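Structural features, examined
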Amino acid sequence: MLTAPLEYGLFLAAMLFTMGFLGLLVRRNLIFMLICVEVMLNAAGLAFIVAGARWGQPDGQIMMIFILTMAAAEVAVGLALILSIYRRTKTLDADVVSQMHG
Amino acid sequence: MNLLWLIPVLPLTAFLILALFGRRLPKALSTVVGCAFMGASGILAIIIALQFLLNLETTPSYTWSSGTWFTVGDFSPEFAFHLDGLSMLMTLVITLIGFLIFLFSTAYMATDEDISRFFAYMNLFAFSMLTLVLADNFLLLLLGWEGVGLCSYLLIGFWYTNPENGYAARKAFITTRIGAVGLILATVLVFRATGTLNIEEVLLIAGNWVSGNAIVTAIAVLLLLAALGKSAQLPLQVWLPDAMAGPTPTSALIHAATMVTAGVYLIARTHVIFELAPMVMTAVAIIGTATMLIAGSSALIQRDIKRVLAYSTISQIGYMFMALGVGAWTAAMFHFYTHAVFKALLFLGAGAIITAVHHKQDMFEMGGLRKVIPGVFYPFLLGCLSLAAVPFITSGFYSKDLILWKAYTSTEGNILFVVAGLVGAFITAIYTFRMVFITFNGKQHTEVDHKPGPIMVGVLAILGIGSVLAGFVETPHVLGSIHLFSDMLQYSVQDVTMNKVDYSQEWVLMGISTLLVVAGTGYAWMKYGKGAEAAPTMSPLNRFLYNGWDFDSAYQHFILNPYASFCRAIGIDIIDLLYKLVGLIARFFNLVLSRAQDGFVRHYALGIAFGTILVIYLFIS
Amino acid sequence: MNFPFILFLIASFVALGSTALAITGRHAVHALLYLILSLLSVAVIFFLLGAPFIAALEVIIYAGAIIVLFLFIIMMLNMGTRDHNSDWIQPVNWVGPGVMAALLLAVLGTAIFQGNPGILDTRVVTPQEVGISLFGPYMIGVQLAAMMLLAGLVGATHLRKRDH
């Protein structure tokens, strides 16, 4: 199977994570922000798989399963929140929904 | 007798039921709960009283104890009730008159939304008052003392939507608080001097002290202060007239019959200490006499029927204090007991009148009510006869006469007290019948459409008969010489020794007081016999009397205002600046940090990211 | 330069490129399609790394379920699939996030390339091994995950209910 330096896999995960992070900071649309969060979660999962593959153990994969579970729950709640925000404000602009300022 | 604890616990149970479930119970049921427990307590009190009186010679006192309340070092007060002649008298008055007033309230408060709250407070009051009088030690007494103060506050401010009622409630609470401080200090001092708080033991130990030494005088002064506050005597009497803001049954129960006489009870209970401090005894008598005259003269000019009764209450308690001051403990308690009956009657009668005339309280707007509400008039008249001490048939006559006689004969007494007491009797007759004539005679100024129902009239009738009969348990030597009342109290309080005098002088005293009552009544008839058309204009003197000798504004000018300016003066303080600086720093950070909470999710994410990067950096470096 | 490594590189570039397009896309639906592409290429990488089970899950759950959920919502909101707010395109809005992202990447890169992490010499970790481990030592984690899913379910239901 694959034989490659460990850094390549980890750096790929880092780059994907950074991309998702950049998108999260730049985008103002709530749906896009949620997509960016998904990208970041996926990148974190990739890092786990790479690390697990380094030692040939199943633990990394198990962590990825947990991340998947969490992502599913998070998306369900997040999308429900987005829906109710949209119904209340008729917009998906995260900056408009800023009543919770101190 | 071992059910003694149940007497205070029954009203407490009613209070708990009403306080916890009052809102959910239907009005009728909470009324029944409010009354029934008090009634049961009253029946139990009668049974225990009969048991107690039959065995008075063999067991002059009985103590029920639930064991130690708490223990701190070698101080372990008990939670115990002590029954003797004195506390039994108080218990009977509280439960029986209390029950009648509760019964009256069911009709009086029937239309009130908050009737369950009313009965909850009243029951809590009954519990506190019973704890106060049955208390075996000073600490439990203090518990009851504060409890009745709290209930008084709650009930004066019962109709809390009117801010004036809240003001009156606070005034009463704060004024009586001055007295309560006296009681607390006295308790501490008693414990320091005797090492116990059990009243019986304290009195036994105190019996061995030298008369007039510093500590006993200090204790007596502090107890006197407590009594002055609770019983509305000079100079703390200012709260009672304003306390009339509460519902009328409250005024009858708390501010006439029971709570305000707690001071009298306290002094009678600790009479041994007062006997050892002759100076304080004299002070008690002088304060009582002065209060009696000041309050009586204020009652002469009042327009609000309840304020007349309030000033009259202060004045009558003045009589009791005069009796206490001359060492006539029995006479004071006798007057307490007759006063409780007829003053409860008068307040309830006033309540019935007030409901009849659309909640007006100004006597000059009533008038001519004699034919309209005879069911109220006749009992009310009986109460007034008693208050004015009309001779031979009324209870007020016997008790007042006993006080004057004792003031005359006691070794602590003085002829001046007797003269003042006679003047007081004259004034009492005037203001009492002025009230009766203005209210019931002459032209009717207000239409009556809400006549009192059978419950109100029934309660008034019972109290009316009571106010006549109550006096015959103790009569002067020249009039049958019945001594049931003083026999009952003989093991609790022993009067100061009396000078040997010829009993025939009693006739002279009674003759003079009768003459004065007749004169006062006649004067009132001349002036107000045909009723009163309009409220009189006020001369400066009248205004002075109307305001209760201007004590309120004097306190405002000479105590409250200087105190307030003093507080303002010391409010400017360098050390305070230090604390203000702390506040300012917190304020500054609040300003800065609350800017970070701008509500933009992206900014939060940025913050989180920055923190994460920092942490990772710290890990790898 | 064996064949799997070349495949790994290709998949990596596809993943990076499609992710970049996904986060900068204007149409939500287009962005989701790019995201699916990115997820599929990551699935390829998982397969190459000897985790075929996870690769399958990635396709089924991520690309299948989660993205479909997104699509549902976008259709429900009927938001015209376009992001009307386009001021995020402006360069000035990229400065702060860009600096921050660069910092993050720098720190992560330093962490990764520091020292000698070693060589990936993968073997296939079968679903059987994963299952035995998951329901053995990680049992408590499974239960916690179940509880979290329940909480998510209740939360989402509740949020939807309050609206009506």
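Structural data are supplied above this passage.
The structure reproduced in this document is the subject of the present report. Being a predicted model, the structure only gives us computed values, none of them experimental.

For chain B, the count of helices and strands is 25 helices and two strands. Put simply, chain B has 621 residues, and 56% of those count as buried. Pairs at least 24 residues apart make up 82% of the contacts formed inside chain B by residues separated by at least 6 positions. Taken as a whole, chain B presents about 25,500 Å² of accessible surface, with 69% of it coming from carbon and sulfur.

The next subject is the overall build of chain A. A count of helices and strands for chain A gives three helices and one strand. When each of the 102 residues of chain A is scored for burial, the buried share is 64%. Considering only contacts within chain A whose residues lie at least 6 apart along the sequence, 56% involve residues at least 24 apart. Surface summary for chain A: the accessible area is close to 3,500 Å², and the carbon and sulfur share equals 69%.

Moving on to the packing of helix α3 (residues 85-108) of chain B against helix α11 (residues 262-269) of chain B. Residue and element names in this part refer to chain B. The interhelical angle for the contact between α3 and α11, taken along N-to-C directions, is 165 degrees, at an axis separation of 11 Å. As judged from the angle between their axes, α3 and α11 are roughly antiparallel. Like other packed secondary-structure pairs, α3 and α11 cross with a definite hand, here left-handed. Between α3 and α11, the residues in contact are Leu86, Ser87 and Met90 and Tyr265, Ala268 and Arg269, respectively. The residue makeup of the contact of α3 with α11, split by class, is four nonpolar, one polar and one charged.

All names here are of chain B. One pass over the structure, following the stated rule, counts 31 aromatic pairs over all chains. The interplanar angle of 40 degrees and the centroid separation of 5.5 Å between the aromatic rings of phenylalanine 544 and tryptophan 549 together place this pair among those described as tilted. Classification of phenylalanine 544 by relative accessible area gives partly exposed; the value is 28%. Ring-pair connections join several aromatic residues into one group, and the members of that group are Trp5, Trp64, Trp69, Phe70, Phe79 and Phe81. In this arrangement the basic side chain of arginine 177 is found over the ring face of phenylalanine 173, its NZ or CZ atom lying 4.8 Å from the centre. The ring of tyrosine 528 has arginine 434 sitting right over it, with the charged end atom 5.5 Å from the ring centre.

With that out of the way, let us pick up the pattern of salt bridges. Residue and element names in this part refer to chain B. Summed over all chains, the structure comprises nine salt bridges over all chains. Between arginine 117 and aspartate 114 there is a salt bridge, with its nearest N and O atoms 2.9 Å apart. Judged by its relative accessible area of 24%, aspartate 114 is partly exposed. Here aspartate 552 and lysine 171 are joined by a salt bridge, their closest N and O atoms 2.9 Å apart. On the criterion of sequence distance, the pair formed by aspartate 552 in helix α23 (residues 551-571) and lysine 171 in helix α6 (residues 163-194) is long-range, its members being 381 residues apart. According to the relative accessible area criterion, lysine 171 is buried, its value standing at 13%. It is possible to trace a salt-bridge network through shared partners that takes in Lys171, Asp242, Arg307 and Asp552.

This next bit is on the environment of lysine 500 of chain B. Looking at where lysine 500 of chain B falls in the secondary structure, it is placed in the loop between α20 (484-489) and α21 (505-528). Along the sequence, lysine 500 of chain B and threonine 409 of chain B sit 91 residues apart, while their C-alpha atoms lie 7.5 Å from each other.

On the chain C side, the residues contacting the seven residues of chain B number eight residues. Both faces considered, chain B and chain C share a buried interface measuring about 700 Å² in area, 90% of it formed by carbon and sulfur atoms. Where chain B touches chain C, the interface holds zero salt bridges. Where chain B packs against chain C, one counts one residue pair in polar contact (both at pLDDT 80 or more). Considering only residue class, the side of chain B that touches chain C consists of seven nonpolar, no polar and no charged.

Moving on, we come to helix α19 (residues 454-469) of chain B. Residues and elements named next belong to chain B. Taking 1.5 Å per residue, 16 residues should reach 22 Å; α19 reaches 22 Å between its end C-alpha atoms and fits that length. Those residues of α19 lying buried are Met456, Val459, Leu460, Leu463, Gly464 and Ser467. Along the axis of α19, the buried residues cluster in a sector spanning 140 degrees; they form a single face. For α19, the exposed residues set more than 90 degrees away from the buried face come down to Pro454, Ile465 and Leu469. Residues of α19 that are buried in the fold lie against α3, α15 (329-356), α16 (374-387) and α17 (395-409).

Turning our eyes to something else, we now look at a nonpolar patch on the surface. On the surface, Leu581, Leu584, Ile585, Phe588, Phe589, Leu591, Val592 and Leu593 of chain B cluster together to form a nonpolar patch covering roughly 810 Å² of accessible area. Tracing the backbone shows leucine 593 of chain B in helix α24 (residues 574-596).

Looking now at the interface of chain A and chain C. Across the boundary between the two partners, chain A contributes 70 residues, which contact 83 residues of chain C. Taken over both partners, the interface formed by chain A and chain C buries close to 7,300 Å², and the fraction arising from carbon and sulfur atoms is 79%. Where chain A meets chain C, there are five residue pairs in polar contact (both at pLDDT 80 or more). Listing elements by their share of the side of chain A that touches chain C, those giving two or more residues are β1 (3-5), α1 (6-26), α2 (30-55) and α3 (59-89) of chain A. In terms of residue count, the dominant contributor to the side of chain A that touches chain C is α3 of chain A (25 residues). Of the residues assigned to the side of chain A that touches chain C, the class counts are 50 nonpolar, 11 polar and nine charged. Relative to strand β1 (residues 119-121) of chain C, β1 of chain A runs antiparallel, the two being bridged by three bridges.

Residue and element names in this part refer to chain B. At a minimum axis distance of 7 Å, the contact between helix α4 (residues 115-134) and helix α5 (residues 138-156) shows a crossing angle of 155 degrees. Judged by the angle between their axes, α4 and α5 are roughly antiparallel. Relative to α5, α4 is oriented so that their crossing is left-handed. Along the contact surface, α4 presents Phe118, Tyr121, Met122, Leu124, Phe125, Ser128, Met129, Thr131 and Leu132, while α5 presents Leu140, Leu141, Leu143, Gly144, Trp145, Gly147, Val148, Cys151, Leu154 and Leu155. Among the residues forming the contact of α4 with α5, the class breakdown is 15 nonpolar, four polar and no charged.

Looking now at helix α8 (residues 214-230) of chain B. What sets the pattern is the α-helix's 3.6 residues per turn: residues three or four places apart point alike. All names here are of chain B. Given a rise of 1.5 Å per residue, 17 residues ought to cover 24 Å, and the 25 Å separating the end C-alpha atoms of α8 matches this to within 8%. Of all 17 residues that make up α8, 12 are buried, and the element is covered over most of its length. Looking only at α8, the buried set comprises Val216, Thr217, Ile219, Ala220, Leu222, Leu223, Leu224, Ala226, Ala227, Leu228, Gly229 and Lys230. Looking at the residues trailing α8, positive phi occurs at alanine 232, about 55 degrees.

Scoring rules and cut-offs
- Residues numbered from 1 in each chain as written.
- Chains lettered and ligands numbered in written order.
- Predicted model: local features only at pLDDT ≥ 70, side-chain atom pairs only at ≥ 80, totals over all residues.
- Heavy atoms only, no water.
- Helix = DSSP H or I, 4+ residues; strand = E, 2+ residues; numbered from the N terminus.
- Buried < 20%, exposed > 50% of the residue type's maximum accessible area, 1.4 Å probe, protein only.
- Contact = heavy atoms within 4.5 Å.
- Areas by Shrake-Rupley, 256 points an atom, 1.4 Å probe, with all protein chains shown as cover.
- Axes fitted to C-alpha atoms, helices over the stretch in contact; angles between N-to-C directions.
- Parallel < 35°, antiparallel > 145°, perpendicular 65-115°, else oblique.
- Left-handed = near helix turned anticlockwise from the far one by under 90°.
- Nonpolar A, V, L, I, M, F, W, Y, C, P; charged D, E, K, R; others polar.
- Phe/Tyr/Trp six-rings, centres within 6.5 Å; stacked < 30°, edge-to-face > 60°.
- Lys NZ or Arg CZ within 6 Å of the ring centre and 35° of its normal.
- Salt bridge = Lys/Arg side-chain N within 4 Å of Asp/Glu carboxyl O.
- Buried area = accessible area lost by both parts, 1.4 Å probe.
- Polar contact = N/O pair within 3.5 Å; in protein donor to acceptor, adjacent residues only side chain to side chain.
- Expected span 1.5 Å × (residues − 1).
- Arc of directions from axis to C-beta.
- Patch = residues over 30% accessible without salt bridge, like charges linked within 9 Å, V, L, I, M, F, W, Y side chains within 5 Å.
- Pairing = 2+ DSSP bridges.

Spatial relationships are all this shows, so hold off on functional conclusions.
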